[in-house]
Structures are given as structure tokens and as C-alpha cells.
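Close look at the chain arrangement
Residues per chain are reported as follows:
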Amino acid sequence: MAEISYDKQAFVVGGRRVFLVGGALHYPRIPRELWRDRIRAAKQAGLNCIETYVFWNAHEKAPGEFDFTGDLNLRRFVEIVGEEGLWCWLRPGPYVCAEWDGGGLPAWLETVPTTKKSGPMKIREAGEPFLAACSRYISAVMAQVKDLQVVGDDPNLRRGGAFQVKPGDAAHGYRGEGGGPILLMQVENEWFSQSDKQHDEYHRQLVRYLREGGCRVPLNACNQLWQPVDGAIHTWNASADLSASVRQLGVVQPDAPRMVSEYWTGWFDQWGGAHADGVDAQKHLYRLASILSEGAMPNLFMFHGGTNFGFSGGRTVNGDNAFMTTSYDYDAPLREAGGRAEKFAATKRLCTFASQFAPVLACLEPTGRAVTIQGGEEDHPPAVIHAPGKLGDAVFILRGEKDKTAEVTLQLPDGRGLPVPLGKSRAAWLLLNVKLGDAATLDFTNLRPWAFVDRKMLVLYGPAGAAGLLSLDGALHPLAVPTGKKPHVCKVGPVTVAVLNENQVDASYLATSGLIVGAGKLDEAGQPVPLKGWATQTHIAPDGAVQSVRASVSKPPAAPKLSAWDYADCAALIDGSDERYEPIAGPASLAQLGVHEGYGWYRIANTKPAAARATKTVAPHSGDRLHVYRNGKLDVILGRSLGASRDPESLSLAGDVVVLADHLGRFNYGQRTAEPVGLRSHFCAVKAIKLGKPVVTTEPAPDPFEVAGLIYYRRQGQTPLGTRLAWTVKLAGKKPLLLRGMALPPQVGATVCVNAKPIGRIGEHTAGENEFLLDPTEEESPVKTGNNELAVHFDSADDAHAALAKQFTLFQVESPRTEKSEWAFTPWTMPADDAFGPIGDRNPSQPGWFRCTFEASPSEAPLFFDASTLSKGQVFLNGRNVGRYFCQTATRAKVPPQSLYYLPEPWLNAGEPNVLTVFDEHGFAPTKAKLAYKPQGPFH
């Protein structure tokens, strides 16, 4: 079997140096039938490695019940990566973030029985209940993939075995010489804290589980240098300042390769915000080049985002409305539905170079680097970074966004001046003294090296019309960069040289036959697909033979028409008469009631006379959104996101009250990751308490690790000076207090204390709004009858913190209003077929189900459902949950950014009607909804 090791420059597999050029694809966000297409797109973009998270809650829906089938067939996904000649970087968590529901942590963790001896369930830290669940999960994952490592232990998988690929296909990627393509695995994810205790008792246990499960490849940890993990390579996650970051990695760990585990190619979208498209193609090219200029390995997060199908989208900490959209387009190089645009072309320009010349990059010397101009991305003049190496040198030129320099002249080591045309590109790269196999030595060129095909053909490109120079074996040759669509091909000694302009290289692909110019992509058979605007494709063989092939792009058919819609109501659920309601003891989270994703219906029969009074009411710690109905009509939506109220509302709770609880996405990041959702408490009457002016002092911060084992951006034992706001609050009898802390400025964190005891964190890495129920009747409660000191202690000292006192509100909980009520519950499910009838017989103000059919025509363009006239809900295609939609509130206020929803091609029926089903929370009829073909996805 191949042996694997690493040094400061690269990995070494079976004696061969490996330089990874990776990109992220998340298999559950892509229908299984499209995995190979997306992986091939990555390969065609020049990547030689596929990175993926493993999503715990997708695979283990209930404790001990694992599913690795269908779209969750992790093993098959890894196998396809290997079959396509690429390496695989596996990141099994157990926590992954990824804007995924709960960061991948199962909702059922909150239901695991605990004892006084085991201690409570504390996620992402040491403790018997969580570690026991992690051990079972990691063992199950390793059982699926342990023989798919490059050092796999299956004796039947030898050289030439299951993953044999054609020579040259791999572009210096996986070649089938080991058990499988997995080269690297990650321990945990983004543990941005430092604690010796947690390292000893948590991270070391995770490493043990991986190794005992059969992991024999290197491990990495992407903790931004916070928490070291024994034996794991530090990697970095970021979008900018990447050159400086990887240099620091090289200093901290001089014997390990520098790696960017997540170079953020774009950003995620959230309901109510603008589409995140701030990283344009040239900025993307600049940032990628800055990583490679330091001899570091990039991993594009995301290369292809895909879709948050069903209820898989999570919630982050940017504010109350930071819930993920269904599209995880991420403004990535490969669009949500597979479209390729300008950022894909920029990726292909540089990543093809990086993987084709990977042996050179794998030998670049990371130490003794010269001083260069740092950062500034917008305003610095061209900066030159010269990286020497044993197999030749790489030179990168990085130009600030505002700089318009069209050409620079480099002084080469021998004193010669080399004019390098930049055109409009913000990054250029050159190679010096590189052997082109046995054919020749590339002394230098002022054009961008792109590929060396079959050890015979050198492909270069530059701005159209530029004067190129190429020195091979000491002989200088002028090369003219073409201005049209016909590439320039010539022989320079024994080497075929193909010179392309930027438009041509963006339309070029490496195929088994050589180089193809003028294609949109390569199809399943490796044949070129016509590209709009290119009537002729040019095929260039490695020996220099050129063939022109006519090509034409077919027009996509008109979008299918939707049939008339049928309707099924929710009247019996809303008035409480539905026979599916089952008694429950009282309030409980959705997970405690067996619902790990989706909605749930609660019925509360309240016969107390006081319930009829309209009183200011809250449901502490409940989320995400509670639709409260009384007498069949919607009273209010409590909770988070647009159209919901976070304040105490005046509610009458007489008679049957029905609550539709919406799971809009559990926290995927931050101090409250995977927080439970649903109606978790009684409805309580509250009375506002005036906090008054706090006493402001500057004191050493308390130890927040008394609250949790993971505290973002804090080191255990540190007590920095911080601003402290303190109030004296008198507790009347045994009535609890409810403290709410609203949004704090970015990068501001604080510890909440009651009578000097830390009880929680607020601000950075928590959420826009935090609640603390201070109940004196609870065991070990720090609250006492009489005067209590309530303090908020910021992590830093700043006079401006005193003004943040207005962000905190306090309520006295007068009484639980539903404590003696009869409770019942039923899960939210799709109605049976016979429940649907004419759409005219409906209550337009109540949630309802709508259904129609359509005939799909075969098309290269992906199909989308336009839900812009609907409110909020779920859409299904042939019974499969496409995902959430959120286009309008109940009052018809528009909710950006997504109105189009991807209908995956493999989910469509060929030759028979397709069934489209919609659940709309506010009963907005989809009679004006339509279908549309959108090659570039929902935002372009």
C-alpha cells in the first residue's frame, strides 16, 4: 500500500510529492445522480482534490440508526472522487458548521438520558453523554470509508484495483495506487478557543476515535491557531489577507505544509438580506494567487454550494434574521444548479496551472521569504512575490483593485528585463527554470503558463494582442497572443506551443485528445459541449495537429406550464379538532416529541378563567417561530425572523389555542449551536422592570469557562480587564426574572453574572437576542429572594460599553398561563391525495397545501420554481422536499433575496406528469406561480 507523509512543502504519497488544489462539494446538497457531473466540473476547473464535510444529523436520524444510502451514500461519493482521478479531503466533524442545521449536530442529542454521574449533555466539549455519541458516529463513518484511504487496509484493493484511472487523467491527482483517494481528515471544526482541559479530554478523544476506527492518513485542525490538536496540521479559514495568514502558518509549524482549508469564494445568503456577491472574478483570482504565491495549498469553500434541501439550512449569529436560504449558491464558481460563469473561468485559469505544475509548487521553499507589499487588496501597486524551489521558481504579480497598470517590467535574476503584460487581470504568474519533462527547460515566459499536455504541448495565455516572449533551452522566441478566436499554435524545438488569449483560455478544456478551444464544458463522454458565441471549436493535439469542428448551441425549450392547482386545508388542525392530536405532558421541544426537522402542531386547552384576559405574554426559550391561533384565527407570530414579534404580546389564551411551531434552522455556529426549537415552555405573563442606570466599573473579567468548555475567542485562565455594568434587582418572592440582551456591536462579547456567578454569554458568537430565565426555584440557582446583583462584564475595557446598557431589558415572570392546561401534539405531515379538492373552497387566511402537475421537457438548462407570489413555506417535487421558501410576510412585505427554487433534474419524471406540492403558511395561493429555466441559478 502507498505510504503517506508530509513536510513543509507538500504531502508525499508513495514517494510522489502531492500538492493539493481543492474545492468543497457537500454531497447531501447535491442529488446523487449529479455527483459525478459536479466532481467532473471541479476537475475541468483544474482542481485535483474534493473536500467534503460529513453531516452527522443527516446520517444518524435517531440514536444508533444510521443511513448511508441514496443521497447520503458517503462511500459512493468518495468512490466517484477516486474514479475521476481526484484526491479526497474528508471532514467528519462531529461538528461541521457549514451553514447546516445545528452545524451537523443531531437534534436528538438533547433527548439523550443523563445522570448526575455522567453530567449534563454539553455539545462540543468533554462529557460522557456527548463523547459516547461521538464515538458511535465516528465509528460508523470510518466503517464506510476506512478502506478508501490512500493507505487503506483492505488487501484486495491494490494497485490497478477498483480505482484504476487512465494515465494523465488525474492532473497530478489520485491515480488508483492505494485503497482509495482519501488523503487527509479533519478533527472537529473551527474550535476558536483554547483550553488545556478540553484538549486533554475532548480533542484527544476525537483523535482516538478516528485512529481506532481505522484512520491512517494525516489529520488537520482548522482552529485559526487557537486550540492545537496533537499531531494535526494547522490550517486556515478566511477570505482575505491570505498571504499573511499562510506565512504565519509556516512560522508556527515549520515542518508541515501550509494549507487554507477554507478560502471563502463567496458567502452564504440569509432571508431578508441582499444576495452575497461581493467577491467578483478578479478579486477571486487575486486571492487565489496570493495563496499560491506563498507555496500554500488552497481549498475553495465553496467550489459548488448546492442546495439546502428540506429543512437542512441553519442559522448563524449575524442577528435575529440570520437564517439560511434554501439556495446555497454561495456565489461559488459553479452555480447552485451547475452553471459556469466568470468566477468559474477565473478558477480554471489559475487552478489548472496549479494542478498541471503541481510538482513545481510542491517543491517551493517557504522559508527565507522576502519582504513584500501586504494586503490592501484595493490600493497597492503591483507587488511581485518570487518563490524559489528545487524544480524551478514561481513568480506571482498581484495588482490592487484600483491600480490600472497594464504592464510591468521584471528584472530577472540574470539582470534582463522582462515586460509582463497584465491587461485587466489582477494576478499574473510566471515560471523560471522549469523542466518540461524530458523535452526542454522553460527558462522564462512573460505569458501565463496554463498546462503542459502529454509532456509535449505547452499552453500559454495572455491579454489579446500582447507581445509574448518564451525562452526554451536558452533560445528566445517571440509569440503573438491572438486577438480573435483562433489560437496560435507553433513548434518551438521539440515542444508544441499553444498560445491563447483570455477569452480563449476561458473556453478551453483539457481532454484525452489534447486541448479543445471554444467549448462550454466536457460532457459525460469527455466530448466538448457547444458554447454560445463559438461557432467553431478548435481541437489541438499534443503533437500540434489542429482540427476545426463546427458547433451550434440549441435553444432551450419554453418553460413548462403548470396545471390548475388543487387545495387541502389545515382547518381541523387549526381549530384543534383533528383526531391526530395525541396528549403530551406539557411544553416540549420538537426533538423531544420525535420531530427532528420540520414543523409541529401543539394544542393547548385552557379552561382557567384568567386565561381569557389579554395579558402581555412570552414563551421563554421557545423558537424559532410560533404561529399562535385562537378560534381558528391567527393572533400573532412569536419568535424570530421577518414578520415575527420578539416582544411580549397581548394574548388571550381562553379555549383551544393551537400553535404551529416552525423549525427555521438551528444555530450552525456560535455559543448556542444546535439550540433546541419548538414550544419549549409555558406561555407566561410578564411585567417589565426598569433596570435604571448601571454602576460602571473596570475590573478583571470573570472566567466564562464556568459557563461552557468552549468560549469563542477566549483562553482559559485569562482575566483581561473589561467594562462591567451592574444593577441591583430585587426579587419579589419566588417569581422568576427574564433577562433579554439585544444585539451588541460586532466583535463585542460579554459574560452575564448573577451574584458574581457566570450564567451565560452574550454578544459575539451568541445571537442577536439572548434570554436568561433566572428562576430561584431551580436547583443551584444563583438567584435569591431579595436583592440580587445582575452584571454584564465585557471582555474589553471601553467607555463606549456603558452605552450598551440600553440593549438589556428585564421582565418579572408573573405566572405560567398554560401550566394547568391540557396539552396535545401532532407532527406536521403532507395530506393524503384524497384530501385535495378545488382551490376555490379555501380559507385564504389559513395555512394550506396546494398541488399541481406539469410535463418536463429535456433541457440542458436547469428548471426553477418561481415562488415570488407566495408567503413562506415548503415546496415538494414528486414527494421530495425541495426546501423552504420565504418570499413575503403575512402582510405581503417582500422578503429578499431568493424567489426561485431549483427543481433538480434527477427528481423530474420523464414521460409522465410531475407533481408539485406547496405548503404555504399564510394560505397565499400559487395561482400566479410559474416555472423558469435559469442556467446561472436563482440570483443571476
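The structure presented is a predicted model; accordingly, all values stated were derived computationally and were not measured.

One can describe the packing of helix α1 (residues 35–44) onto helix α3 (residues 74–83) by two numbers: an axis separation of 10 Å at closest approach and a directional angle of 40°. With respect to each other, α1 and α3 are oriented oblique. Along this stretch, α1 crosses α3, giving a crossing that reads as right-handed. Across the interface between the two elements, W35, R36 and I39 from α1 touch R76, F77, I80, V81 and E83 from α3.

Counting buried positions over the seven residues of strand β56 (residues 880–886) gives six, a clear majority of the element. Pairing of strand β55 (residues 872–877) with β56, which is carried by six bridges, proceeds in the antiparallel orientation. Within the sheet, the bridge partner assigned to K872 lies in β56 and is F886.

Let us look at the packing of helix α7 (residues 281–292) against helix α8 (residues 342–356). Remark: α7 packs on α8, axes separated minimally by 8 Å, with the N-to-C direction vectors making an angle of 20°. Taken together, α7 and α8 sit at an angle that is classed as roughly parallel. For α7 against α8, the interelement crossing comes out right-handed. In contact with A281, Q282, H284, L285, L288, A289 and L292 of α7, α8 contributes E342, K343, A346, T347, R349, L350, C351 and A354. The residue inventory of the contact of α7 with α8, partitioned by class, reads nine nonpolar, three polar and three charged.

Our focus in this paragraph is the packing of aromatic side chains. By the definition in use, this model includes 42 aromatic pairs. Consider the rings of Y53 and F301, whose centres lie 6.1 Å apart with planes at 70°: the pair is edge-to-face. Placement of Y53 in strand β5 (residues 49–53) and of F301 in strand β14 (residues 297–304) is noted, with a sequence separation of 248 residues between them. For F301, a relative accessible area of 2% gives the class buried. Relative to W849, the ring of W828 lies with its centre 5.2 Å away and its plane at 25°, an arrangement referred to as stacked. Linking W828 in the loop between β51 (822–827) and β52 (837–838) with W849 in strand β53 (residues 848–854), this pair joins segments that are 21 residues apart in sequence. The residues W828 and W849 share a single accessibility class, namely buried. An aromatic cluster is built from Y27, W35, Y53, F55, F77, W100, W264, W267, F268, F301, Y328 and Y330, whose rings are joined through pairwise contacts. One Lys or Arg, R91, reaches over the ring of W89 and ends 5.9 Å from the middle of that ring. Positioned over the ring face of Y286 is R426, at 4.3 Å from the centre of the ring.

This next bit is on the confidence of the model for the chain. Mean pLDDT over the chain: 93, with 96% of residues reaching 70 or higher. This stretch, residues 154–170, has a pLDDT under 50; its non-local contacts, to residues over four places away or in other chains, come to 33 contacts.

Procedures and definitions
Residues numbered from 1 in each chain as written. Predicted model: local features only at pLDDT ≥ 70, side-chain atom pairs only at ≥ 80, totals over all residues. Heavy atoms only, no water. Axes fitted to C-alpha atoms, helices over the stretch in contact; angles between N-to-C directions. Helix = DSSP H or I, 4+ residues; strand = E, 2+ residues; numbered from the N terminus. Parallel < 35°, antiparallel > 145°, perpendicular 65-115°, else oblique. Left-handed = near helix turned anticlockwise from the far one by under 90°. Contact = heavy atoms within 4.5 Å. Buried < 20%, exposed > 50% of the residue type's maximum accessible area, 1.4 Å probe, protein only. Pairing = 2+ DSSP bridges. Nonpolar A, V, L, I, M, F, W, Y, C, P; charged D, E, K, R; others polar. Phe/Tyr/Trp six-rings, centres within 6.5 Å; stacked < 30°, edge-to-face > 60°. Lys NZ or Arg CZ within 6 Å of the ring centre and 35° of its normal. pLDDT = per-residue confidence, 0-100.

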